[in-house]
2 protein chains.
Amino acid sequence: MITSNYNTLPNFKKCNKCVNCNVRLIAFCGVIDHQDINKLESLSKDKNLKRQEHAFFQGDKVVNYYNIRKGSVKIYKLSKDGRKQIIGFLFPGDFMGMSHEESFSYSAEAIEDTVLCQFNKVGLENFFIKFPEIEDKILNLVNYELSLAQDQIFLLGKCSARERLLQFFLNMSKQRKKMGWVSNPIHLPMSRSDIANFLGLTIETISRSLSELKSDNTIKMVGTNDILLNIHEDLIS
Amino acid sequence: MITSNYNTLPNFKKCNKCVNCNVRLIAFCGVIDHQDINKLESLSKDKNLKRQEHAFFQGDKVVNYYNIRKGSVKIYKLSKDGRKQIIGFLFPGDFMGMSHEESFSYSAEAIEDTVLCQFNKVGLENFFIKFPEIEDKILNLVNYELSLAQDQIFLLGKCSARERLLQFFLNMSKQRKKMGWVSNPIHLPMSRSDIANFLGLTIETISRSLSELKSDNTIKMVGTNDILLNIHEDLIS
DNA sequence: CGAGCCATTGAATGCCATCAATTTTAGTGG
DNA sequence: CCACTAAAATTGATGGCATTCAATGGCTCG
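Residues numbered from 1 in each chain as written. Chains lettered and ligands numbered in written order. Predicted model: local features only at pLDDT ≥ 70, side-chain atom pairs only at ≥ 80, totals over all residues. Heavy atoms only, no water.

A. Inspection of the protein's contact with DNA strand D at higher detail. Taken together, 15 residues are adjacent to DNA strand D, and S207 and S211 of chain A together with A161, T205 and R208 of chain B come closest. Sugar plus phosphate, as a fraction of atoms of DNA strand D within 4 Å of the protein: 68%. The separation between a phosphate oxygen of DNA strand D and a polar main-chain atom of A161 of chain B is 2.8 Å. Taking R208 of chain B, its side chain carries an N or O atom lying 2.8 Å from a base oxygen of DNA strand D. Those elements that provide at least two residues to the surface near DNA strand D are α5 (192–198) and α6 (203–215) of chain A together with α6 (203–215) of chain B. For the surface near DNA strand D, the element with the most residues is α6 of chain A, which contributes 5 residues. Within the surface near DNA strand D, the residues separate by chemical class into 3 nonpolar, 7 polar and 5 charged. (Near = heavy atom within 4 Å. Polar contact = N/O pair within 3.5 Å; in protein donor to acceptor, adjacent residues only side chain to side chain. Helix = DSSP H or I, 4+ residues; strand = E, 2+ residues; numbered from the N terminus. Nonpolar A, V, L, I, M, F, W, Y, C, P; charged D, E, K, R; others polar.)

B. Seen up close, the packing of aromatic side chains. Applying the stated criterion to the full structure yields 22 aromatic pairs over all chains. For the ring pair F168 of chain A and F169 of chain A, a centre distance of 6.1 Å and an interplane angle of 50 degrees mean the geometry is tilted. For the pair F168 of chain A and F169 of chain A, a shared accessibility class is recorded, and that class is buried. Ring geometry for F56 of chain B against Y106 of chain B: centres 6.0 Å apart, planes inclined by 55 degrees, an arrangement best described as tilted. With a gap of 50 residues between them, F56 of chain B in strand β2 (residues 54–56) and Y106 of chain B in the loop between β6 (95–96) and β7 (107–110) connect regions that are remote in the sequence. Of the two residues, F56 of chain B and Y106 of chain B, neither departs from the other in class, the shared state being buried. (Phe/Tyr/Trp six-rings, centres within 6.5 Å; stacked < 30°, edge-to-face > 60°. Buried < 20%, exposed > 50% of the residue type's maximum accessible area, 1.4 Å probe, protein only.)

C. Up close: the protein's contact with DNA strand C. Around DNA strand C sit 14 residues in total, of which A161, T205 and R208 of chain A together with S207 and S211 of chain B are the nearest. In this structure, T202 of chain A approaches DNA strand C through a side-chain N or O atom, which is 3.1 Å from a phosphate oxygen. The contact in question runs from a phosphate oxygen of DNA strand C to an N or O atom on the side chain of R192 of chain B, over 3.2 Å. Mapped by element, the contributors of at least two residues to the surface near DNA strand C are α6 of chain A together with α6 of chain B. Take the surface near DNA strand C: its biggest share by element is 4 residues, from α6 of chain B. The residue inventory of the surface near DNA strand C, partitioned by class, reads 2 nonpolar, 7 polar and 5 charged.

The structure is reproduced here in structure tokens:
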């Protein structure tokens, strides 16, 4: 198999990994231009996660920040009595690991094989002094995460099962478009169980709502995890 | 009535308003020390809101940021079909008005008489250059808001009506303690209707859950809006 | 004191959860 | 490539919690 993927080249890391990184277009590191990106790159370390492996756990002390370069991650909270709630899915370009306090208030688990850029927290924060535009960008990204969380609050507080599922598909489509991927049809990297948990429903209800959306032709399925949205483009974007 | 409240003194604004501000202890402006605070103060303008008046509306262009100095604000989202969801309550010391895009994704309405410090967005952002610690603090505050939103997602996704209400009281108590106020009993500045909406429930369910909490002595009520929590201190803080 | 609003309580309905059974998919080894 | 197995998804039947609809009670303010 012939590949130009830098992951297969052991010494590529010293050879402008970031310069050729397509995720940089949307990630925080995109605010650094080509002549300075190598300085940031020297702070970064690759971290590979297989499916179900964690980047960190709720309660861990925050020592690193992460950029997702490839794959998908779910973040979730556990209560003392063992209840679990997925509070978000993260994709390439997303920044992960900030907290308002010393330790994480949620866990981060890969839902498929995933590659992260790992930055030492203090190291990156010291970098803010020379390149304040990084902090500006991260502030903007955190505000975006907040906005997504607020949308989710609306969804959980005011939407029916069917609406939640459809909105979830529309959000996924929007996310794909943001990454420059095909936004319809979309591939879902997460299980029914994860979707159900995220939407505050059960897998049975997801299955039923899915059948409903299929039967009235709102969506069409190819395989188990690929969904074609039969909806006006304005709603998709 | 004799009062030393600076709001009653017309020329106090030019006389170290911020220096004596008790909210500063928890607000972003607390990172600026006494000899520099007057520079920030010159950027600030008071804005008074009566109950039900708005600081801004969903869709408005973002031109100002706000610090809440006194009172309480609810922030809420409206969907196209008219459904409303309160996504948070804000209190003295809270920073308000940032957005990841040009315009607001939610509205902000005073639920009691409220005083805001209004900062021009661009003016304050230019201030970041001289005082980067302000941006650090604001980033921390936004991360805190995100964390609260994630807690709310858990609450809406996994908690029963009774649990939601009790958790709401505990959160209010925690908020009071953060402000240095009495954390038990607590006074609720918002209506049953607002509580119900925020918790993804109806007023009838709030009323029923409230009666339940009263009858098993988990809480005790003084008047309609003051609540005494009969719960171990560890859970309150 | 009466009007109007808000909160409370009761009864019936409905949506989603739960429990259970079946079907489909995915992963493994022959 | 197919058979086999385990896991995941779907479908059906039933039940429970919160909603909805309706009526009463209580507080505030003119």
